[in-house]
Amino acid sequence: MPTLVIANKCYSSWSLRPWLLMKQLGVAFDEITIPLDLPDTKEMVLKHSPAGKVPILIDGDVTVWESISIMEHVGEAYSVPVWPADSKARAMARSVAAEMHAGFSALRSACPMNLGKKYASRDRGEAVARDVDRFSAIVREACERFGAGGPFLFGAFSAADAMYAPLATRLDTYSIALDATTRAYVDAILSLPAFQEWRSAALKEEWIVPADEVDEDAIENYRKAA
């Protein structure tokens, strides 16, 4: 059985991506959690990968790091449909997944993933608004062209949805207004049993990462309620 090395479920957006995909596609795995922002965090991660970052997949004598690479390996090694079967849909899915990997920096910086809090809606700046608009455009185009078979970007759940899942949590956490199509997509991600399992575990964690705690009052503190 492969082992996925991850960080805190409350905060680690990159860890969520392959974890969610593997759960959703029924690939069994063990997991090791290395908490962020502790004195020995880097040392512990380096024991598993020379890149010094999570997530990391250890599959027998193969070690894979970086979320997209892990998901590609899972598809090949376990014969599961990581990408859409249709070639045109697959091309777009790979493109938007790579765009997520390299882009949306304003939204990711201003609104760090934090599953333990809910913040009130407010203006978070033009750069964040542009990122939200771009995400909504991706959702609308993918769903209109390829989404007839299900609630996700390309109908069935794929690596593209796993890549955008942490962004979906941010839009919910920071109460960002969305059009109806984008809201329905975000709700589909947040309603996944696999995501609910991740979030339930996240709310039980005791670690706090100050850098990912926005300096404003929360309207909901789920950890206190959990």
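In the block above lies the structure referred to throughout.
Description of the structure in this document. It should be emphasised that the depicted structure is a prediction, and the values quoted were computed from it without experimental measurement.

## Description of the overall build of the protein
Logical step 1: Check the secondary structure of the protein and you find ten helices and six strands.
Logical step 2: C-alpha atoms of the protein, sized along the principal axes, occupy 45 × 45 × 30 Å.
Logical step 3: Of all 226 residues assigned to the protein, the portion counted as buried reaches 50%.
Logical step 4: In the protein, the share of contacts with a sequence separation of at least 24, taken over all contacts with a separation of at least 6, comes to 72%.
Logical step 5: Charge centroids of the protein, computed over 24 positive and 31 negative side chains, lie 2 Å from each other.

## Some words on unusual backbone geometry
Logical step 1: Each neighbour pair has its own omega, and for Val54 with Pro55 the value is 5°, a cis peptide bond.
Logical step 2: Inspection of the secondary structure puts Pro55 in the loop between helix 2 (41-46) and strand 3 (56-59).
Logical step 3: Non-glycine residue Glu66 carries a positive phi angle of around 75°.
Logical step 4: Considering the arrangement of structural elements, one finds Glu66 in the loop between strand 4 (62-65) and helix 3 (67-78).
Logical step 5: On the accessibility criterion, Glu66 (39% relative accessible area) is partly exposed.
Logical step 6: Positive phi is not limited to glycine here, since Ser79 has a value of about 50°.
Logical step 7: Note on placement: Ser79 falls in the loop between helix 3 and helix 4 (87-102).
Logical step 8: On the accessibility criterion, Ser79 (67% relative accessible area) is exposed.

## Quick notes on the nonpolar core
Logical step 1: With 66 residues, the main nonpolar core has Phe135, Phe154 and Tyr164 as its most contacted residues.
Logical step 2: At nine residues, the largest contribution of residues to this core is made by helix 7 (residues 159-173).
Logical step 3: If you look at the next biggest cluster of nonpolar residues, it comprises six residues, including Val5, Ile34, Val45 and Val54.

## Concerning helix 8 (residues 180-191)
Logical step 1: Between its first and last C-alpha, helix 8 extends 16 Å over twelve residues, near the 16 Å set by a 1.5 Å rise per residue.
Logical step 2: Inspection of helix 8 places Thr182, Tyr185, Val186, Ala188, Ile189 and Leu190 among the buried residues, and these make up the whole buried set.
Logical step 3: On its buried face, helix 8 is in contact with helix 6 (126-146), helix 7 and helix 9 (193-202).
Logical step 4: Sitting at the amino-terminal end of helix 8 is Asp179, which places a side-chain oxygen 3.0 Å from the backbone nitrogen of Thr181.

## A few points about the pairing of strand 1 (residues 3-6)
Logical step 1: Covered by surrounding structure in strand 1 are Thr3 and Val5 together with Leu4 and Ile6, the residues of both alternating faces.
Logical step 2: Pairing between strand 1 and strand 2 (residues 30-33): four bridges, direction parallel. Bridged to Ile6 within strand 2 is Thr33.
Logical step 3: Handedness of the crossover joining strand 1 and strand 2 through helix 1 (residues 13-24): right-handed.

## Comments concerning the packing of helix 4 against helix 6
Logical step 1: Packing of helix 4 against helix 6 leaves a shortest axis separation of 11 Å and a crossing angle of 165°. What the angle tells us is that helix 4 and helix 6 run roughly antiparallel. Between helix 4 and helix 6 the crossing geometry is left-handed. Facing Lys88, Ala89, Met92, Val96 and Glu99 of helix 4, the residues of helix 6 in contact are Arg134, Ile138, Glu141, Ala142, Arg145 and Phe146.
Logical step 2: A class-by-class count of the residues in the contact of helix 4 with helix 6 yields six nonpolar, no polar and five charged.

## Quick look at the sheet that holds strand 1
Logical step 1: Strand order in the open sheet formed by four strands is 2-1-3-4, with mixed pairing between adjacent strands. With one partner strand each, in any of the chains shown, strand 2 and strand 4 form the two edges of the open sheet. When the angles between neighbouring strand axes are averaged without regard to direction, this sheet yields 20°.
Logical step 2: Two strands pair when backbone bridges link them, and strand 3 and strand 4 are joined in this way by four bridges, in the antiparallel orientation. Looking at the pairing, Leu57 lines up with Val64 of strand 4.

Analysis parameters
Residues numbered from 1 in each chain as written. Predicted model: local features only at pLDDT ≥ 70, side-chain atom pairs only at ≥ 80, totals over all residues. Heavy atoms only, no water. Helix = DSSP H or I, 4+ residues; strand = E, 2+ residues; numbered from the N terminus. Buried < 20%, exposed > 50% of the residue type's maximum accessible area, 1.4 Å probe, protein only. Contact = heavy atoms within 4.5 Å. Lys, Arg positive; Asp, Glu negative; His and termini not counted. Charge placed at Lys NZ, Arg CZ, Asp CG, Glu CD. Core = buried A, V, L, I, M, F, W, Y, C linked by side-chain atoms within 4.5 Å. Expected span 1.5 Å × (residues − 1). Polar contact = N/O pair within 3.5 Å; in protein donor to acceptor, adjacent residues only side chain to side chain. Pairing = 2+ DSSP bridges. Right-handed = clockwise from strand over helix to strand, strands pointing away. Axes fitted to C-alpha atoms, helices over the stretch in contact; angles between N-to-C directions. Parallel < 35°, antiparallel > 145°, perpendicular 65-115°, else oblique. Left-handed = near helix turned anticlockwise from the far one by under 90°. Nonpolar A, V, L, I, M, F, W, Y, C, P; charged D, E, K, R; others polar.

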